[in-house]
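A look at the structure
Here is what each chain is made of, one letter per residue.
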Amino acid sequence: MTRKYFGTDGVRGKVGQEPITPDLVMRLGYAAGKVLAGLPRKGMERPAVLIGKDTRVSGYMLESALEAGLSAAGVDVLLVGPMPTPAVAYLTRALRLSAGIVISGSHNPYDDNGIKFFSGNGFKLPDATESAIERALARPLKCMPSLRLGKARRLDDAAGRYIEFCKGAFPPQLHLRGMRIAVDCAHGAAYHIAPHVFHELGADVEAVGAEPDGFNINDRVGATSPQALQAAVKRHKADLGIALDGDGDRLVMVDSAGRLYDGDQLLYVIARHRRQKGELAGGVVGTQMTNLALEHALASLKIPFARARVGDRYVLEMLLRRHWQLGGENSGHIVCLDKHTTGDGIVSALQVLRALSETGVTLAKAAGAITLYPQVLVNVSTKKLRDPLSSPVVKRAVKQAEVELDGSGRVLLRPSGTEPVIRVMVEGRDGSEVRRWANHIAAAVGKAA
């Protein structure tokens, strides 16, 4: 079926506009509760769901709406308040619950928000279950009798449980003593988690973006605005900087000189170290947007590489299908399946820190073998061209670019999943050539559209 509300990462939108309204979110909670109630359960009288959120002011309203809908469907609710997305995945699995729900707009501004679900095993809900929830949304809400209503309670030790989980992803024989680390929490869900993790492992921590007020999430801080972290690293003379996004599942890092390292570069550092230690299971999964330089760098180490569709859930699906453990996106979603079931910014940072600690090199040295190729992305507005390669004009322009790039570059065209645009991406070693071909192909797409 064509899904009306669920996208690649749950239900998202502007607060106050469908689908992010109190009424629809309450019905979403009810629909999810009815679907979950019909799934097999082990040893539980009724389904139980954990709800976490980021620090947006709208989280209070949406949390209450979800709680009401779930309770009306006969589902018990555990509330943990502000908590990173990967923490909800972990706690759902650890507590043997039916599902976990995260209220978060991720890296978006405060007036956006969203609802995403995890199954009881800590993975994103399968498409089939999301589709079942969509079908249930179309049915009327019929409150259970009082005797069968769900109950709600707060899980007071959620933060402490997750902090210990994160610390467990770092080898017990290692420590971070002697290191000064700036940690940017994006005024988001990890503000009361991330600084404690690195401090308890021994680091001298300088917290950035750790004073949320409901409106400043991702506002000139965090993984999508790393300038604040770069400035903090220099100001505090830190050895490293770590930036998360609003819900704590993205990671970018900064070295002592203020240089920025994205998800592709960090993925390389982790993969190379695991290969050296004999711990790399199979290969590495990236996406269509992964920089070609990473593919070439991994090939030089004889590490297999595969590209999935854009979106961390598709990276995860390919990892599971190939029985590999490591993958990610250049945006900073990194999945280490031997450590967690989903992308986790804190856990991923600890994998990089492990590599640096065990090899005794700096981040600049560890990532030195990969120099990212220039990558130009042009968005072309269109309302009728769903398949850009169906146009002979566009096909010809793409072919010309690929011949000229001659294996040293790459062309990618894809429709956006969220807006009426075609995304034209060209990358290669020569920045001026890349820009020229991106503009040439974009012009061809504009004519065809």
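Each chain has its residues counted from 1, running along the sequence as written. pLDDT decides what is reported in this predicted model: residues at 70 or higher carry local features, side-chain atom pairs at 80 or more are listed and counted, and totals for whole chains, interfaces and linings draw on all residues regardless. Here the side-chain values reflect all heavy atoms present in the structure, with hydrogen atoms and water set aside.

Section: the packing of aromatic side chains
- Note on aromatic pairs: the rings of Phe, Tyr and Trp (six-membered ring only in Trp) are paired at centre separations within 6.5 Å, and the planes decide the class, stacked below 30 degrees, edge-to-face beyond 60, tilted for the rest. Taken as a whole and assessed by the stated rule, the structure comprises four aromatic pairs.
- Considering the side-chain rings of Phe6 and Phe117, the 5.9 Å spacing of their centres and the 45° angle between planes classify their relative orientation as tilted. Of this pair, Phe6 sits in strand S1 (residues 6–7) while Phe117 sits in strand S6 (residues 112–119), and the two are 111 residues apart along the sequence.
- The buried label goes to any residue with under 20% of its type's maximum accessible area, the exposed label to any with over 50%, and the partly exposed label to all in between, with areas taken from a 1.4 Å probe on protein chains only. On the basis of relative accessible area, Phe117 is assigned to the buried category, the value being 3%. Runs of E in the DSSP output that reach at least two residues are strands. Runs of H or I that reach at least four are helices, and both are numbered from the N terminus.

A few points about empty space enclosed by the protein
- Think of a 1 Å grid over the protein atoms and nothing else: a 1.4 Å probe that fits but is trapped marks a cavity, an open set flanked by protein within 12 Å on at least five of seven lines marks a pocket, and residues with an atom within 4 Å of a point count as lining. Grid points are joined across faces, edges and corners, and a volume is the space filled by probe spheres set on the points. One pass over the full model with this rule turns up one cavity of 30 Å³ or more.
- Counted as a void, the largest cavity has a volume near 60 Å³.
- Around the largest cavity sit Val269, Arg272, His273, Gln276, Ala355, Leu356, Thr359, Val361 and Ala366, which together line it.
- When residues of the lining of the largest cavity are assigned to their parent elements, the largest contribution, four residues, is made by helix H8 (residues 263–277).
- Residues are grouped as follows: Ala, Val, Leu, Ile, Met, Phe, Trp, Tyr, Cys and Pro are nonpolar; Asp, Glu, Lys and Arg are charged; every other residue, Gly included, is polar. Across the lining of the largest cavity, the residue classes tally to five nonpolar, three polar and one charged.

Here's the deal with the nonpolar core
- Working definition of a nonpolar core: buried Ala, Val, Leu, Ile, Met, Phe, Trp, Tyr and Cys residues. They are joined through side-chain atoms within 4.5 Å. With 72 residues, the main nonpolar core has Phe198, Ile242, Leu326, Ile346, Leu353 and Leu363 as its most contacted residues.
- Among the elements that take part in this core, helix H11 (residues 345–359) stands out by supplying eight residues, more than any other.
- Between two residues, a contact is recorded if the distance between any of their heavy atoms is within 4.5 Å. In this view, Ile346 contacts Tyr162, Cys166, Ile193, Ala194, Val197, Phe198, Leu244 and Gly248; residues no more than four positions away in its chain are not counted.

Treat this as a map of the structure, not an account of what it does.
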